[in-house]
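A structural walkthrough
This is what each chain is made of:
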Amino acid sequence: MNYQETTNWMFNQLPMYQLQGASAYKEDLTNIKLLAEHLGNPEKNLQTIHVAGTNGKGSTSHMLASVLQEAGYKVGLYTSPHLKDFRERIKINGQEISEDFVCEFVSKHKDFFEANDMSFFEMSVGLAFDYFAAEKTDIAIIEVGLGGRLDATNIITPLVSVITNIGLDHTQFLGNTLEAIAGEKAGIIKPNVPVVIGEYTLETQPVFLAKAEVNKAPIYFASDLISEVFPSDLIGDYQFHNKKTVQQTIKIVNETTDFKISEESLKSGLLNTVKNTGLQGRWQQLGENPKIVCDTAHNKHGLSVVMKQLQNEKFEKLHIVLGVVNDKDLDSILPLFPKEAQYYFCSPNSSRGLPTETLQNAAKNFDLIGEKYDSVESAFAEAKQNASKSDFIYVGGSTFVVAELPLN
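Residues numbered from 1 in each chain as written. Predicted model: local features only at pLDDT ≥ 70, side-chain atom pairs only at ≥ 80, totals over all residues. Heavy atoms only, no water.

Take the nonpolar core next. Met-10, Tyr-78, Phe-86, Ile-90, Phe-113, Leu-127 and Phe-132 are the most contacted members of the largest nonpolar core, which totals 37 residues. Looking at this core, the elements that each hand over two or more residues are helix H1 (3–13), helix H3 (30–38), strand E3 (90–92), helix H5 (99–115), helix H6 (120–134) and strand E5 (139–143). With 9 residues, the single largest contributor to this core is H6. In contact with Tyr-78, not counting residues within four places along its chain, are Arg-89, Ile-90, Phe-121, Ser-124, Val-125, Ala-128, Phe-132, Ile-141, Ile-142, Glu-143 and Thr-153. Within the second largest apolar cluster, 28 residues are counted, among which are Val-51, Leu-68, Phe-259 and Leu-270. (Core = buried A, V, L, I, M, F, W, Y, C linked by side-chain atoms within 4.5 Å. Buried < 20%, exposed > 50% of the residue type's maximum accessible area, 1.4 Å probe, protein only. Helix = DSSP H or I, 4+ residues; strand = E, 2+ residues; numbered from the N terminus. Contact = heavy atoms within 4.5 Å.)

Put simply, helix H4 (residues 57–70) and helix H12 (residues 263–271) touch, their axes get as near as 7 Å, and they point 130 degrees apart. One finds that H4 runs oblique with respect to H12. Helix-helix and strand crossings are classified by hand; for H4 and H12 the assignment is right-handed. In contact with Met-63, Ser-66, Val-67 and Glu-70 of H4, H12 contributes Ser-265, Leu-266, Ser-268, Gly-269 and Leu-270. Taken together, the residues that form the contact of H4 with H12 break down as 4 nonpolar, 4 polar and 1 charged. (Axes fitted to C-alpha atoms, helices over the stretch in contact; angles between N-to-C directions. Parallel < 35°, antiparallel > 145°, perpendicular 65-115°, else oblique. Left-handed = near helix turned anticlockwise from the far one by under 90°. Nonpolar A, V, L, I, M, F, W, Y, C, P; charged D, E, K, R; others polar.)

Here the focus is helix H16 (residues 356–364). In an α-helix, one turn spans 3.6 residues; hence positions three or four apart end up facing the same way. Within the span of H16, buried status applies to Thr-356, Leu-359, Gln-360, Ala-362 and Ala-363. With its buried residues spanning 165 degrees around the axis, H16 presents them on a single face. Close packing links the buried residues of H16 with strand E11 (318–322), helix H15 (330–333), strand E12 (342–345) and strand E13 (370–372). (Arc of directions from axis to C-beta.)

Turning next to unusual backbone geometry. Each neighbour pair has its own omega, and for Ser-80 with Pro-81 the value is -5 degrees, a cis peptide bond. A cis geometry characterises the amide bond from Asn-289 onward to Pro-290, with omega recorded as 0 degrees. Along the polypeptide, Pro-290 turns up in the loop between strand E9 (284–287) and strand E10 (291–294). Positive phi is not limited to glycine here, since Asp-117 has a value of about 50 degrees. By the element assignment, Asp-117 lies in the loop between H5 and H6. Even without being glycine, Asn-289 reaches a positive phi, approximately 55 degrees. Looking at the element boundaries, Asn-289 is found in the loop between E9 and E10.

This next bit is on the domain arrangement of the protein. Assigned domains of the protein: these are domain 1 (3–277) and domain 2 (284–404). Here the C-alpha centre of domain 2 lies 28 Å away from the C-alpha centre of domain 1. (Domains from an automatic or database assignment.)

Another point: the sheet that holds E12. Pairing in this open sheet of 6 strands is mixed, and the strands run E9-E10-E14-E11-E12-E13 from one edge to the other. In this open sheet, the two strands that pair with only one neighbour each are E9 and E13. For this sheet, the mean inter-axis angle between neighbouring strands, taken without regard to orientation, is 20 degrees. Examined bridge by bridge, E12 and E13 share 3 bridges and lie parallel to one another. Across the sheet, residue Phe-345 finds its bridge partner in E13, namely Lys-372. Those strands touched by helix H14 (residues 300–311) are E11 and strand E14 (392–396), and its axis lies near 170 degrees from that of E14. Set on the sheet, helix H17 (residues 376–386) makes contact with E10, E11, E12 and E14; between it and E11 the angle comes to about 175 degrees. (Pairing = 2+ DSSP bridges.)

Further remarks concern the confidence of the model for the protein. When pLDDT is averaged along the protein, the result is 94; 94% of the residues meet or exceed 70. Below pLDDT 50 for its whole length, residues 20–24 participates in 12 contacts with residues either more than four positions away or in separate chains. (pLDDT = per-residue confidence, 0-100.)

This part takes up the environment of Ile-292. With respect to the helices and strands, Ile-292 occurs in strand E10. As for Ile-292 and Leu-322, which are separated by 30 residues in sequence, their C-alpha atoms are 13 Å apart. Not counting residues within four places of it along the chain, the set of residues in contact with Ile-292 comprises Gln-284, Gln-285, Leu-286, Gly-287, Phe-380, Lys-384 and Ile-393.

Another aspect to go through is helix H8 (residues 178–185). Turning to H8, its buried residues are Ile-181, Ala-182, Glu-184 and Lys-185. The buried residues of H8 occupy an angular sector of 160 degrees when the element is viewed end-on, so they sit on one face.

Moving on: the packing of H5 against H6. Put simply, H5 and H6 touch, their axes get as near as 11 Å, and they point 125 degrees apart. In this view, H5 runs oblique relative to H6, as classed from their interaxial angle. Both H5 and H6 take part in a crossing whose hand is right-handed. In contact with Phe-101, Val-102, Phe-105 and Phe-113 of H5, H6 contributes Met-123, Gly-126, Leu-127, Asp-130, Tyr-131 and Ala-134. Considering only residue class, the contact of H5 with H6 consists of 8 nonpolar, 1 polar and 1 charged.

To continue, consider the pattern of salt bridges. Under the defined criterion, the tally for this structure stands at 9 salt bridges. The salt bridge involving Arg-87 is made with Asp-85; its shortest N-O contact spans 3.2 Å. When sorted by exposure, Arg-87 lands in the same class as Asp-85, which is buried. Asp-327 is paired through a salt bridge with Arg-352; the nearest N and O atoms lie 3.2 Å apart. Taken together, the residues Asp-327 in the loop between E11 and H15 and Arg-352 in the loop between E12 and H16 connect sequence positions 25 residues apart. Each member of the salt-bridge network shares a partner with another, and the members are Asp-85, Arg-87 and Glu-96. (Salt bridge = Lys/Arg side-chain N within 4 Å of Asp/Glu carboxyl O.)

Here it is, written out as structure tokens:
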């Protein structure tokens, strides 16, 4: 199979959370352990940092990778989901995995995948570990897919565990209280491995402290420990806490491992994250006059910060292109959006996309008024057509909506 056929097979044959949602979620780590053993346990040959959290784990992972790259190391980076191409998930020093490696890996192990009903995510994690081990990375940043305790990435023993924050998202899997979700994310805390917590609340801090104590894991609360926050080329307001998390994590890596990262490398890594890693979709500006910004924030915790930042922008009229997936709690996110905006409702081109009419009708209940469009592309085109030079266009609501924009 060529690359297109290989990735189509991966997407279509087997469960994939990005496309299917709930049915792709696995209840335990049996499968990934089986796959790791089949591959010769490549994860045991990797030095890693493991990153979980409701929001910010992608940005944090990319910043960490950029910093370590600036320090001269060969850095693997595994993240999800992808925006345009599957290979975005697996990079070394900002370079995507080759199409050939993906094809050869799937071809070599396809019978095993089918015989053992491997999920899309399990295959992807196995591929990443196999690739990083084959390429002999100095260190790999591994982002959790969903939750933590039962996530396929959770077979690693990292140098440092990182939990960015806890918010209500994916409650059908992780629980519908902050404590329950914190418990799932805290599942990545390992015996004697230091853990950095980005943000905490009264509900989540005791959960982290208890789990760390059981595991004799030194615990560090970045929001309390970092006073000077360095600038980054990631300019969303929500990056404030992510940068603290990165700075604290690098401090722990310096203190507890053989890796040496200077303050100069830390600063330049934060300032060159996009250049070094190719990260897209985080308060990303796509145009000016009118100013156009897209962002992948898609839950209450993430959108509340983004909407505050939006209100601080200067513009004559606000245009919002909005689409969501079908497992979102609309009653929690729609009240965050400003009423004094022109809305362009759409549905991302995914089986999980919420029908446009459903979104439009729900939005009306919160006095969010606008027309519906049959694609993200047509909604975005209409917003650009209607906006004057002094206006502002925001595009978001879902990673899938951002994925359909011309980002480069």
